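What follows is the residue order along each chain.
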Amino acid sequence: MPVLAITHTRLFDGDQFYDDKTVLIDNGRISAVGDTSMIPSDAVIYDAKGNILAPGFIDVQVNGGGGVLLNHTPTVDGIRTIMAGHRQFGTTAMLPTLITDTRKKMLTAIAAVKDAIAQNVPGIVGIHLEGPYLNAERKGVHDPNIIRPMEDDAIELLSSLPNGRIVITMAPEKAKAGTIAKLTQNNVLVCAGHTAGTYNDVQAAIGEGLRGFTHLFNAMSPLNHREPGVAGSAIADDSTWCGLIADGFHVHPCAMQIAVRAKKTGKIMLVTDAMPTVGAKNKSFVLGREEIIATHGRCALADGTLAGSDLDMMSAVKNTVEMIGADLAEALRMASLYPAEFLKLGNSKGRIKPGFDADLVLFDSASYTVKNTWISGQ
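Quick caveat, the model's predicted, so the values are computed rather than measured. (Residues numbered from 1 in each chain as written. Predicted model: local features only at pLDDT ≥ 70, side-chain atom pairs only at ≥ 80, totals over all residues. Heavy atoms only, no water.)

K.L.:
For the overall build of the protein, give the residues involved together with the corresponding values.
P.N.:
Counting its secondary structure elements, the protein contains 10 helices and 20 strands. The globule rule puts the C-alpha radius of gyration for 378 residues at 21 Å, and the 20 Å found for the protein is close to it. Taken over the C-alpha atoms alone, the protein extends approximately 60 × 45 × 40 Å along its principal axes. When the 378 residues of the protein are sorted by exposure, 57% land in the buried category. Contacts spanning at least 24 positions in sequence make up 68% of the contacts within the protein whose residues lie at least 6 apart. Summing over all exposed atoms, the protein offers an accessible surface of approximately 15,100 Å²; the carbon and sulfur share of this is 49%. One way to put it: in the protein the 34 positive side-chain charges average out to a point 2 Å from where the 39 negative ones average out. (Helix = DSSP H or I, 4+ residues; strand = E, 2+ residues; numbered from the N terminus. Rg over C-alpha atoms; globule rule 2.2 N^0.38 Å. Buried < 20%, exposed > 50% of the residue type's maximum accessible area, 1.4 Å probe, protein only. Contact = heavy atoms within 4.5 Å. Areas by Shrake-Rupley, 256 points an atom, 1.4 Å probe, with all protein chains shown as cover. Lys, Arg positive; Asp, Glu negative; His and termini not counted. Charge placed at Lys NZ, Arg CZ, Asp CG, Glu CD.)

K.L.:
Give me the lowdown on unusual backbone geometry, citing residues and values where you can.
P.N.:
At the junction of Gly131 and Pro132, the peptide bond is cis and its omega measures out at 15° in the coordinates. In this structure, Pro132 sits in the loop between β10 (126–130) and α3 (154–158). With a phi angle near 65°, Asn187 is a residue other than glycine that sits in the positive phi range. If you trace the backbone, Asn187 turns up in the loop between α4 (179–185) and β12 (189–192). Its identity is not glycine, yet Asp273 carries a phi of approximately 55°, on the positive side. Exposure remark for Asp273: the relative accessible area of 6% places this residue in the buried category.

K.L.:
Go over the packing of aromatic side chains with me, naming the residues and quoting the values.
P.N.:
Scanning the entire structure with this criterion turns up 4 aromatic pairs. A ring pair is formed by Trp241 and Phe342, whose centres lie 6.0 Å apart and whose planes are at 65°; its orientation type is edge-to-face. Residue Trp241 is located in strand β14 (residues 241–245), and its partner Phe342 is located in helix α10 (residues 337–342); the two are separated by 101 residues in the primary sequence. The buried category is assigned to Trp241, whose relative accessible area is 7%. Among the residues examined, Phe342 registers a relative accessible area of 0% and is labelled buried. The ring of Trp241 carries Lys267 above its face, with NZ or CZ at 3.3 Å from the centroid. (Phe/Tyr/Trp six-rings, centres within 6.5 Å; stacked < 30°, edge-to-face > 60°. Lys NZ or Arg CZ within 6 Å of the ring centre and 35° of its normal.)

K.L.:
Tell me about helix α6 (residues 229–236), and name the residues and values.
P.N.:
Residue pairs spaced three or four apart in an α-helix point in one direction, given the helix's 3.6 residues per turn. Within α6, 7 of the 8 residues are buried, which leaves the element mostly enclosed by the surrounding structure. What α6 keeps buried is the set Gly229, Val230, Ala231, Gly232, Ser233, Ala234 and Ile235. The inward-facing, buried residues of α6 abut α5 (199–207), β13 (212–213), β14 and α7 (253–262).

K.L.:
Any details on the nonpolar core? Residues and values, ideally.
P.N.:
Grouped together as the largest cluster of nonpolar side chains are 97 residues, with contacts concentrated most on Val317 and Leu343. Considering each element in turn, this core owes the most residues, 7 residues, to helix α2 (residues 103–118). Among the nonpolar cores identified, the runner-up in size contains 13 residues, and Ile25, Ile30, Leu53 and Ile352 belong to it. (Core = buried A, V, L, I, M, F, W, Y, C linked by side-chain atoms within 4.5 Å.)

K.L.:
Can you tell me about the environment of His72, naming the residues and giving the values?
P.N.:
Here His72 is to be found in the loop between β8 (68–69) and α1 (76–87). Spatially, the C-alpha atom of His72 lies 9.2 Å from that of Lys105, the residues being 33 residues apart in sequence. Other than its neighbours up to four places away in sequence, His72 contacts Val286, Leu287 and Gly288.

K.L.:
Hey, could you go over the packing of α5 against α6 for me, with residue numbers and the actual values?
P.N.:
Interaxial distance between α5 and α6 falls to 8 Å at its minimum, and their mutual angle equals 45°. Viewed along their axes, α5 and α6 adopt a mutual orientation that is oblique. In this structure, α5 crosses over α6, and the sense of that crossing is right-handed. On the side of α5, the interface is formed by Tyr199, Val202 and Gln203, while α6 contributes Gly229, Val230 and Ser233. Across the contact of α5 with α6, the residue classes tally to 3 nonpolar, 3 polar and no charged. (Axes fitted to C-alpha atoms, helices over the stretch in contact; angles between N-to-C directions. Parallel < 35°, antiparallel > 145°, perpendicular 65-115°, else oblique. Left-handed = near helix turned anticlockwise from the far one by under 90°. Nonpolar A, V, L, I, M, F, W, Y, C, P; charged D, E, K, R; others polar.)

K.L.:
How would you summarise the sheet that holds strand β15 (residues 268–271) if you had to cite specific residues and measurements?
P.N.:
Here we have 8 strands laid out as an open sheet, ordered β6-β9-β10-β11-β12-β13-β14-β15, and parallel in their pairing. Taken across any chain shown, the strands that pair with only one partner, and hence form the sheet edges, are β6 (57–62) and β15. One ladder, built from 4 bridges, connects β6 with strand β9 (residues 91–99); its direction is parallel. From the neighbouring strand, Phe57 faces β9, where its bridge partner is Thr91. On the sheet, α1 packs against β6 and β9 and is oriented at approximately 130° with respect to β9. (Pairing = 2+ DSSP bridges.)

K.L.:
Talk me through the pattern of salt bridges; I want residue IDs and the actual numbers.
P.N.:
Summed over the entire model, instances satisfying the criterion amount to 16 salt bridges. A salt bridge links Lys353 to Asp13; its shortest N-O distance comes to 3.4 Å. Taken as a pair, Lys353 in the loop between α10 and β19 (360–364) and Asp13 in the loop between β1 (4–12) and β2 (17–26) lie far apart in primary sequence, 340 residues in all. Its relative accessible area of 28% is what places Lys353 among the partly exposed residues. The shortest N-O distance in the salt bridge between Asp153 and Arg103 comes to 2.8 Å. Note that Asp153 is positioned in the loop between β10 and α3 and Arg103 in helix α2, a separation of 50 residues in sequence. Given a relative accessible area of 25%, Arg103 falls into the partly exposed group. (Salt bridge = Lys/Arg side-chain N within 4 Å of Asp/Glu carboxyl O.)

Right under this line is the structure:
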């Protein structure tokens, strides 16, 4: 295919902004960054018209989108629809996320993601299993009848995606000693979530290789001055990443601001925890036996219990800037570079530099409207 030249960009390369830059894409990767003088004579030219060109967003927690919930449609076509629902908002890589479900459904979802990656479905880089090895005391909307202890052969199950990343959210206090270490040794990225654990529980998990925390503050023991809990432990630790749902409902803007200021820079990543309503006209769906309705951007059960989100990544970036006063560059890193590093993809995604994947988002900085996206240059 001919080289693609994206011209007249306000470029954010993952580190800083540059005015009026040209980006060349060849065979799905960034081949050069410079000015228009470097454009080959036979290149296809796309004029960005001064809009911001940034690394595409990476969402590590996506339950659904485009009207599809992974738990209900764990197929390649379902995954493709979820991705399409989010791509229009700047997401160029994601982990479809399975909420606590049966062993059979877990196997089906893992197989579907494996097939999606093998079929080169754009943007699918792995799977996130949120449960079922959780603490029912912090279940949220997860079905307590399916939450269960980890099976003896679970490590084999959770290591069965050789062509992509696999993240497991679990309650570390419910796991046998050494479990997280074994998972980590088998390339599983382990996050603590839906947990009532103590500071000591978290420290033990970090010692075994715990990589992160799922939706900081939500469904975890809170920070207390005598017992830091999971939330306090997460913020204090410099080695782990925290996912943050920046919709203004899951976490108060003040708490978001405190976390961003206190946690080591580079270790908070934006996630959507999105439900099927993102990118869909229908703003209601069923999870288990419960109807969930999205109203004014808030997904909840009839009793008001939060149930995932109606958030997209472009809105998460906007909220991070407008609700907590983060600068745009840092908000963009939280949406791309930091999740890439969490997923151990920091050498290929999260920056616009020669040799990196051509996963890009073009947007209007005034309205936060996505103008275009590219995944592997397409």
